[in-house]
Amino acid sequence: MKLLFNYLIFPGFLFSACIGLIAGWIDRKVTARIQWRVGPPWYQNFIDIVKLLGKETIVPEGAKLTFLISPYLGLLSLILVTTILGKSVILPLESFMGDLIVVLYLLVIPAIAIIVGAASSRNPLASIGASREMKLVLGYELPFILSVVAIILKSKGAIEIGQILNHQINFGSNLFSWSGALAFIVAIFCMQAKLGFVPFDMPEAEQEIMAGVLIEYSGLPLAIFKLTKAVLLYTMPLFLIILFLGKDLSPLFIVLKYILLLVIIILIKNTNPRLRIDQALRFFWGPMTFLAGAAVILAGLGY
Amino acid sequence: MSHKVIVPIGPYHPLQEEPEFFRLYVEGEKVIDIDIVIGYMHRGIEELSEHKHFDQVTFLVERICGICSTSHPFAYVNAMEDLAKIEVPERALFIRTIIAEMERLHSHLLWLGLAGHFIGYNTVWMWSWRYREPILDMFEMITGNRNHYAMMKIGGVRRDIRDEDIPILKKALDDLLPAVDMFKGAVMDDPVIKARLKGIGILNKQQAIDWCVVGPTARASGINIDVRKDDPYGAYDRVDWNVILEKDGDIFAKTIVRILELYESISIIRQCLDKMPKGEIDANIKDIPPGEGIGRVEAPRGECFHYVRSDGTNQPIRHKIRAPSYMNVASNKIAAVGGTISDAAITLAAVDPCYCCTERLTVLNSATNKKIMNGWDLIKLSQKKTEKLRKDLGGGDKCKI
């Protein structure tokens, strides 16, 4: 019963979705202000979801069953991540061995769900979007995992989120060391790509392929994808806070750190054009992997 | 693996504001061929124009394009003045030039914003449209309208620029200059923009000549072509300015040409405001003699051409219009093929296309969706019509037609 509560309400689905939607509103509002626009009211993202729930779900002719299953798959696994992360922030001692690995695995599933859903929709634009998403996943996963490895090495080989937090409480946040800072830069860009924000929003590029991967979705499945994005906007910064800024996790500080990361995301989003997919791949496999590798070596040497 | 997929851009697509259809044949991300289909918005302006009297046509051609809404009337009044050999008052020429250059300012800023939007850089979009807004306000102050200014008139202009408006206009230009500096810096120094725009959508000099492109598209490929310099009209020969040339022919060059032209436009308007003489603004034309005339104007997108023929009545018997996009859109066939889909999106937009101005008549069979009438068919149809008229009027050599 308690597990179900954790999963569905706090710190799982309901809580994270609310925070994510509010964060999405902050993103829209700040973006609007940067662009000399007014921006939507605070409940805009909520009523967007509610409106989508009331719309008809149209399934394209010949679409496979995976077309309808994949949105749920992505959301369910993401909520699992959110629950694990949220619980280990509240009760660091109750985390289990290897939960970091589980989190890393489950974080890829939303992207895979998008790929599967788009590929089964039989739309050429969606399949182009799916192939872009696939290339993007291949691009950012390697540097992202390397930057996590750097943190694992810094925390004396701990693959448990509780231990990583403990290590930071004793020795200071990981960010304030050479390897931690490098890995943090890499992780920020990987987070941007995972969230699918500019400059890495080519799977959804509306001017090129008209929302690409999501083009055939409508109604409830589209709402689920939107919710997944919203929850991701809560989960990814939280994950980075745990990895890099885990010294003081009192509610006030965690909110401040979250807002700091949100500001970084919004700034990157608003000061860059969209990259081409080959440029994004080159960016992740070139400079980012190099930086992440350097971070791993530095962490291994103890810096 | 060769797997050809068709990516449709159009007829209705978020990339373009107007209905047109680009059929991209792609392999993976690479565009290997492109079909350009226009003709969704044919309005029959030329035919309409032949049923209105000369003064009304000025307002009609203003509606050809919402952005070059002064270039078309400007070219039309040039054609009419060429036809009727009208001496236009000096002050009117300066006012026309000021309006035309202000139009270039707002059009180039509009394109810059759209270009930003097409590469996913919405901040540039919103910012450049914000700085376009004061120019529209200036238009409203001078002409009373934000978009269709209705300033041109055969033999002059309809409204004068009041003396008390001139300092306000100068102030607006002064305020615009830092913004243009900022955009120039933002485009020239941003490595990501450079990575997206440099070396893609290339139209080299020879290709540009072969495809007869005009305006900033041609100037970015190193062709020194500008009606304002080559065949001066308005007050362009009375002020000092430069034609902006780039030689790379890629999207980056096209962007730079347009941004640098903003500086030239500001300088032209300032000089015009200083040199503008006092006096009449209208030659008060009453009658149009029979004859024919052409008018050429450098619209923000390139050369805009009008041909008018009069038979002494108060309506043109032939009015031929060629908007600049008609030449430029076809060059996408060269520029967009070989790039990726992402490049194609910005390449298609980089000629600053304006489809409504460009439309030509096409006749489709709705059942088979095949074109049943092309240019040659239309010529044959026209010959048939002439033949029929000949017969109706009695035929023979005395026939008027």
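So, how was this worked out
- Residues numbered from 1 in each chain as written.
- Chains lettered and ligands numbered in written order.
- Predicted model: local features only at pLDDT ≥ 70, side-chain atom pairs only at ≥ 80, totals over all residues.
- Helix = DSSP H or I, 4+ residues; strand = E, 2+ residues; numbered from the N terminus.
- Rg over C-alpha atoms; globule rule 2.2 N^0.38 Å.
- Buried ≥ 20, exposed ≤ 12 C-beta atoms within 10 Å, placed from the backbone.
- Contact = placed C-beta atoms within 7 Å.
- Domains from an automatic or database assignment.
- Pairing = 2+ DSSP bridges.
- Axes fitted to C-alpha atoms, helices over the stretch in contact; angles between N-to-C directions.
- Nonpolar A, V, L, I, M, F, W, Y, C, P; charged D, E, K, R; others polar.
- Parallel < 35°, antiparallel > 145°, perpendicular 65-115°, else oblique.
- Left-handed = near helix turned anticlockwise from the far one by under 90°.

Enquirer: I tried to follow the overall build of chain B on my own but got confused; where do I start?
Expert: The helix and strand tally for chain B stands at 16 helices and 10 strands. On C-alpha atoms alone, chain B measures out to a radius of gyration of 22 Å, which is about the 21 Å that the 2.2 N^0.38 rule sets for 401 residues. Considering only C-alpha atoms, chain B reaches an extent of 70 × 60 × 35 Å along its principal axes. Among the 401 residues that make up chain B, the fraction classed as buried is 48%. Sequence separation of at least 24 residues holds for 69% of the intrachain contacts in chain B that already meet a minimum separation of 6.

Enquirer: It is not clear to me how the domain arrangement of chain B should be interpreted in this structure. Could you clarify?
Expert: Note: interface size is frequently given as the accessible area lost on complex formation between the parts. Here chain B is described as being made up of domain 1 (45–358) and domain 2 (367–401). Here domain 1 of chain B and domain 2 of chain B have C-alpha centroids that lie 36 Å from each other.

Enquirer: Please clarify how the sheet that holds strand β3 (residues 30–37) of chain B should be interpreted in this entry.
Expert: Two modes of strand pairing occur in sheets, parallel and antiparallel, and in both the strands are linked by backbone hydrogen bonds. Residues and elements named next belong to chain B. Taken in spatial order, the 3 strands of this open sheet run β1-β2-β3, and their pairing is antiparallel. Single-partner strands in this sheet number two, and they are β1 (4–9) and β3. Ignoring which end each strand starts from, the neighbouring axes of this sheet average 25° apart. Bridge analysis of strand β2 (residues 21–27) against β3 gives 7 bridges, and the strand direction is antiparallel. Residue Val26 lies in a different strand from β3, and its bridge partner there is Val31. Packing of helix α14 (residues 341–350) onto the sheet brings it into contact with β1, β2 and β3, and relative to β2 it is tilted by some 155°.

Enquirer: Explain the interface of chain A and chain B to me, please; I cannot follow it from the model alone.
Expert: With 26 residues of chain A in contact, the opposing surface of chain B contributes 24 residues. Elements with a minimum of two residues in the side of chain A that touches chain B: α6 (124–154), α9 (206–209) and α12 (277–301) of chain A. Looking at the side of chain A that touches chain B residue by residue, the classes come out as 14 nonpolar, 6 polar and 6 charged.

Enquirer: How should the packing of helix α4 (residues 66–90) of chain A against helix α5 (residues 99–119) of chain A be read in this particular structure?
Expert: For any two helices packed against each other, one specifies the crossing angle of their axes together with the interaxial distance. All names here are of chain A. The contact between α4 and α5 brings their axes to 8 Å, and the two run at 155°. With respect to each other, α4 and α5 are oriented roughly antiparallel. Note on packing geometry: the crossing formed by α4 with α5 is left-handed.

Enquirer: Could you clarify how one ought to interpret the environment of B:Phe252 in this entry?
Expert: Residue and element names in this part refer to chain B. Note that Phe252 resides in helix α11 (residues 251–275). Given 23 C-beta atoms within 10 Å, Phe252 falls into the buried group. Put simply, Phe252 and Ala92 are 160 residues apart on the chain and 37 Å apart in space, counted from C-alpha to C-alpha. Contact partners of Phe252, with chain neighbours within four places excluded, come to Lys194, Leu197 and Lys198.

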